[in-house]
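The primary structure of each chain is shown beneath.
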Amino acid sequence: MVCVTLLIHQKIIVNKKITLSGWGGYPVVTGEELPFYTSAALREKLTSGSGDIIARGNGRSYGDSALSSMVVHMRRFNRMLAFDETTGLLTCEAGVLLSEILEVFLPRGWFLKITPGTKLITVGGAIASDVHGKNHHVEGCFSSCVKSFDLLLADGRVVTCSASENRDLFLATCGGMGLTGIILQARFYLKRVRSCFIEQTTIKTKNLRETFGAFERHADSPYSVAWIDCLSTGDSMGRSVLMTGRFADDGDLSYRSSNGVSVPFHLPGFVLNKMSVKAFNGIYYRKAKNGQSNNRVSVDGFFYPLDAIGNWNRIYGRNGFTQYQFILPEAVSYEGLTQILQEIAGAGAGSFLAVLKLYGRENDNYLSFPLEGYGLALDFKIEKKLFGLLDRLDEIVVDYGGRIFLTKDARMSRETFERGYPRLKMFREVRKKYDLDSRFNSHQSRRLQI
Ligand SMILES: Cc1cc2nc3c(=O)[nH]c(=O)nc-3n(C[C@H](O)[C@H](O)[C@H](O)COP(=O)(O)OP(=O)(O)OC[C@H]3O[C@@H](n4cnc5c(N)ncnc54)[C@H](O)[C@@H]3O)c2cc1C
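Predicted model only: the values in this text are computed from it and were never measured.

### Here we look at the environment of Phe-142
Okay, so step 1: With respect to the secondary-structure elements, Phe-142 resides in the loop between α4 (136-139) and β9 (146-152).
Okay, so step 2: Between the alpha carbons of Phe-142 and Ile-127 there is a distance of 6.4 Å; along the sequence they are 15 residues apart.
Okay, so step 3: Apart from residues lying up to four places away in sequence, Phe-142 is in contact with Ile-114, Ala-126, Ile-127, Asp-130, Val-131 and Phe-188.

Right, here's the structure in full:
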């Protein structure tokens, strides 16, 4: 169904009923997509209409956080507005992609202070999920480099938010999954680098205890992340390949964004099963050199290996997949992870993308995910038996004082969510205070009754 609804600034705005999903392809819903060209047009729509509405960046969140009956497509707000060469302060609209920032600024010696494992996300999405990267233990979440942003509220007002100005909105919006309004533009710091290459160290470990030991030994490394074989059991349970890195200092800034191959269609669901995942894990683990090795890798190779394969989400088949990402407080991380890995191996529900990270201090934002401890992210193909397993894992996570990452979630229960996020009350109060809860809602916020 297509209907022409508004004629603003010589641009025809078309509302389309389309099917929408996140990166995981689960769930799939029907909604209306609102493409705006100006913030004035967006404000007019917001104040004259009613019903649920949510901003959508580049759709790289996995579940239902960017899905609603009305979705504001932010990619059209993609202008870079100002840059201060002395401080690295960039001002840009919220629909700019991190990849676009890298293309302009990395050859000039500037890099993102915080970047997640894909550069194909918008600045608005980075703030709304308060994303973290391989350097969380050193530099924290994306909000730590944000000076301020302009937020469009439900009544049409645009307010500037920072750690000191409209602080309650700042704390609620960073990590607030679009539920506090629409970020129009942001000011945040880039950092100086002298190379577009990373000096990488790879450490192969034999079990979870060794993996924890390696993380601790390399805690002063600026970047670290481990791939973990989640199907290995017994003495080798938790065997991993830990990668640490730091920027090279060779002055080589010849950055060229890499475009790799693409998965042309959804693979049949049966391609991914326990046997194929086990085989992949075995090969990947054996491929890494024993002990410790060093090499030099590109920024894209180190930070964004999955971006090299376009539409890689299609390998999970038409039913899609979900990423289960949780974090546990450090003191109970070893015990909790052991229990969770046993549960997963016992259920035979392997994931070949299984990423373990050591996180640093928790920030003050009401719904940001990280807390000091270890977090694991696992991709699982959607199938009936999966949901029971994930419910059991939820119990373990919250019993140990942990939480699940909203930006990856498509299925947790309200109770799991409420137990994991103790500052939810403050978040709800901000939504009430500015009358945001009557307008900004996603399928996720309805499901979790946020
Ligand atoms: C391969 C891959 C690797 C990833 N690695 C990491 C990682 O290492 N660390 C990490 O933290 N995350 C990671 N992510 C998740 C990703 O960084 C987040 O989901 C991010 O928010 C996606 O941004 P987006 O622009 O695609 O936003 P969307 O997915 O479209 O939206 C995400 C949320 O942001 C809100 N939002 C978007 N734009 C605005 C706006 N302008 N104003 C208000 N709210 C807005 C939406 O309402 C929604 O709630 C990864 C995702 C992928 C696919």
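### Concerning the site of the ligand
Okay, so step 1: Lining the immediate surroundings of the ligand are 35 residues, of which Ala-55, Gly-57, Ser-61, Thr-122 and Ser-129 lie closest.
Okay, so step 2: Between an oxygen atom of the ligand and a main-chain N or O atom of Gly-59, the distance comes to 2.9 Å.
Okay, so step 3: Between the ligand and Ser-65, the relevant distance is 3.3 Å, taken from an oxygen atom to a main-chain nitrogen or oxygen of the residue.
Okay, so step 4: Considering the ligand on its own, with 960 Å² of exposed area, one finds that the protein chains cover 96% of that surface.
Okay, so step 5: Every element with two or more residues in the shell around the ligand is listed here: β4 (54-56), α3 (123-128) and β11 (182-192).
Okay, so step 6: A class-by-class count of the residues in the shell around the ligand yields 17 nonpolar, 15 polar and 3 charged.

### Let's talk about the domain arrangement of the protein chain
Okay, so step 1: On domain assignment, one finds that the protein chain holds domain 1 (2-74), domain 2 (76-193) and domain 3 (197-411).
Okay, so step 2: Its C-alpha centre places domain 2 at a distance of 25 Å from the equivalent point of domain 3.
Okay, so step 3: Contact with domain 2, which involves 34 residues of that partner, is made by 34 residues of domain 3.
Okay, so step 4: Of the roughly 2900 Å² buried at the junction of domain 2 and domain 3 (both faces included), carbon and sulfur atoms supply 61%.
Okay, so step 5: At the junction of domain 2 with domain 3, the criterion picks out 2 salt bridges.
Okay, so step 6: Here Arg-167 ties to Asp-364 by a salt bridge, and the two come within 3.5 Å at their closest N and O atoms.

Reading the values: rules and limits
- Residues numbered from 1 in each chain as written.
- Predicted model: local features only at pLDDT ≥ 70, side-chain atom pairs only at ≥ 80, totals over all residues.
- Heavy atoms only, no water.
- Helix = DSSP H or I, 4+ residues; strand = E, 2+ residues; numbered from the N terminus.
- Contact = heavy atoms within 4.5 Å.
- Near = heavy atom within 4 Å.
- Polar contact = N/O pair within 3.5 Å; in protein donor to acceptor, adjacent residues only side chain to side chain.
- Areas by Shrake-Rupley, 256 points an atom, 1.4 Å probe, with all protein chains shown as cover.
- Nonpolar A, V, L, I, M, F, W, Y, C, P; charged D, E, K, R; others polar.
- Domains from an automatic or database assignment.
- Buried area = accessible area lost by both parts, 1.4 Å probe.
- Salt bridge = Lys/Arg side-chain N within 4 Å of Asp/Glu carboxyl O.

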